[in-house]
Amino acid sequence: NKESLNHAVTNLDHSFAKLDQTMGHIQSISDKMDKGEGTIGKLINDETTVDQLNSALPGLNQFLTDADRIKLDVGGHVEYLVRQSAYKSYLDIRLQPLKDRFYTLQLVDNPRGKVTTRTINDTVGGVSTTTKETITEDKLQLSLLMGQRYYDTVVMGGLMENTFGVGLQQYFGSGDNYRIGLDVWDFSNTLGPHLKLSGYWRFFSNAFMVVGGDDLASKQHEFRDAFFGIGLHFNEDTLKPIFSSLP
């Protein structure tokens, strides 16, 4: 036992020596901080650095407050095109940094796709003929819009289903339960711009119905169509309880 005790005392002496060395380092660092040496020392002792930090904090706090005010809405709806007997689907993600301004990212699954026409000139046996061909591209379309609200009126502009477009919406009723919208895009289309008139009714907090007319200005009468549909819309207040309950 005496040999084990001597070994333990020796280890304890080494531990105290290391502790004394560590305390010496801490004292050295503390002395440097008191003298204003190093980054932390300047931060503590230099009044200019402290003043600059204090002046930056309100701006940082304002930035974090503005970021916290950004609202996120996620939704989607399906429209049934009566004449075409087809469904057109939408997925929406909207960011609202300010009460009267928002940005919308929208993916559109259009059953008709993008329709364009081209002119083909053929010469056979010295006889020239001119024909027009309609081309349909079936692919997912993208909309990226910025909207600004003025009282009960919303003005939008940006990318609408892969081309430039503008829109106008008018809200009615308490809680914005009703609205009508007019969207125009694809101005360079030889068949005429794509004009869509819609009416929305939010009958539940997260659900709405929509009816209207699609491609009403098209020169091709078969493209002019009526539609009706239903959709769901969730804001961050609705999504937070859902995500918090997930594992």
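The text that follows walks through the structure, step by step, so that each part is easy to find. Since the structure is predicted, the reported quantities are computational estimates derived from the model, not experimental observations.

### Quick word on the sheet that holds strand β7 (residues 153-160)
Piece 1. In spatial order, the strands read β1-β2-β3-β6-β7-β8-β9-β10-β11-β12; together these 10 strands close into a barrel with antiparallel pairing. Adjacent strand axes in the sheet meet at a mean angle of 20°, parallel and antiparallel pairs treated alike.
Piece 2. Across 11 bridges, strand β1 (residues 71-81) lies against strand β2 (residues 86-98) in antiparallel orientation. Across the sheet, the residue bridging to glutamate 79 is lysine 88, located in β2.

### Overview of the pattern of salt bridges
Piece 1. Under the defined criterion, the tally for this structure stands at 5 salt bridges.
Piece 2. Across the pair glutamate 79 and lysine 196 runs a salt bridge whose closest N-O atoms are separated by 2.9 Å. With glutamate 79 in strand β1 and lysine 196 in strand β10 (residues 194-201), this pair connects stretches of sequence that are 117 residues apart.
Piece 3. Its relative accessible area of 1% is what places glutamate 79 among the buried residues.
Piece 4. The closest approach of N and O atoms between aspartate 152 and arginine 149, which form a salt bridge, is 3.5 Å.
Piece 5. Aspartate 152 sits in the partly exposed class, given a relative accessible area of 40%.

### Details of the nonpolar core
Piece 1. With 7 residues, the main nonpolar core is built from Phe102, Leu145, Val154, Met156, Met160, Tyr171 and Trp185.
Piece 2. The leading source of residues in this core is β7, at 3 residues.
Piece 3. In this view, phenylalanine 102 contacts Arg94, Leu95, Gln96, Pro97, Leu145, Met146, Gly147, Val154 and Met156; residues no more than four positions away in its chain are not counted.
Piece 4. Counting 5 residues, the second largest nonpolar core, distinct from the first, contains Leu81, Tyr200, Val210 and Phe227.

### Description of the pairing of strand β8 (residues 163-172)
Piece 1. Of the two faces of β8, the one holding Thr163, Gly165, Gly167, Gln169 and Tyr171 is buried and the one holding Phe164, Val166, Leu168, Gln170 and Phe172 is not buried anywhere.
Piece 2. Relative to β8, β7 runs antiparallel, the two being bridged by 8 bridges. Across the sheet, residue leucine 159 finds its bridge partner in β8, namely phenylalanine 164.
Piece 3. In the sheet, β8 pairs with strand β9 (residues 178-185) via 8 bridges, with the strands oriented antiparallel. When the bridges of β9 are listed, tyrosine 171 appears paired with arginine 179.
Piece 4. In this structure, the hairpin formed by β8 and β9 is closed by a connection of 5 residues, where glycine 173 is found at a positive phi of approximately 80°.

### Observations concerning the packing of aromatic side chains
Piece 1. Taken as a whole, this structure holds 5 aromatic pairs when the rule is applied.
Piece 2. Here tyrosine 80 and phenylalanine 228 contribute two aromatic rings whose centre-to-centre distance is 5.6 Å and whose plane-to-plane angle is 55°, an arrangement assigned as tilted. With tyrosine 80 in strand β1 and phenylalanine 228 in strand β12 (residues 225-235), this residue pair connects regions lying 148 residues apart in the sequence.
Piece 3. Seen in terms of ring centroids, phenylalanine 164 and phenylalanine 187 are 6.3 Å apart; in terms of plane orientation they differ by 35°. Their pairing is tilted. With phenylalanine 164 in strand β8 and phenylalanine 187 in the loop between β9 and β10, the pair connects residues that are 23 residues apart, well separated along the chain.
Piece 4. With a relative accessible area of 46%, phenylalanine 187 lands in the partly exposed category.
Piece 5. A network of ring pairs unites the aromatic residues Tyr80, Tyr87 and Phe228 as a single cluster.
Piece 6. Against the face of phenylalanine 102 rests arginine 94, its NZ or CZ located 4.8 Å from the ring centre.
Piece 7. Over the aromatic face of tyrosine 200 sits the side chain of arginine 179, whose NZ or CZ is 3.8 Å from the ring centroid.

Reading the values: rules and limits
- Residues numbered from 1 in each chain as written.
- Predicted model: local features only at pLDDT ≥ 70, side-chain atom pairs only at ≥ 80, totals over all residues.
- Heavy atoms only, no water.
- Pairing = 2+ DSSP bridges.
- Helix = DSSP H or I, 4+ residues; strand = E, 2+ residues; numbered from the N terminus.
- Axes fitted to C-alpha atoms, helices over the stretch in contact; angles between N-to-C directions.
- Salt bridge = Lys/Arg side-chain N within 4 Å of Asp/Glu carboxyl O.
- Buried < 20%, exposed > 50% of the residue type's maximum accessible area, 1.4 Å probe, protein only.
- Core = buried A, V, L, I, M, F, W, Y, C linked by side-chain atoms within 4.5 Å.
- Contact = heavy atoms within 4.5 Å.
- Phe/Tyr/Trp six-rings, centres within 6.5 Å; stacked < 30°, edge-to-face > 60°.
- Lys NZ or Arg CZ within 6 Å of the ring centre and 35° of its normal.

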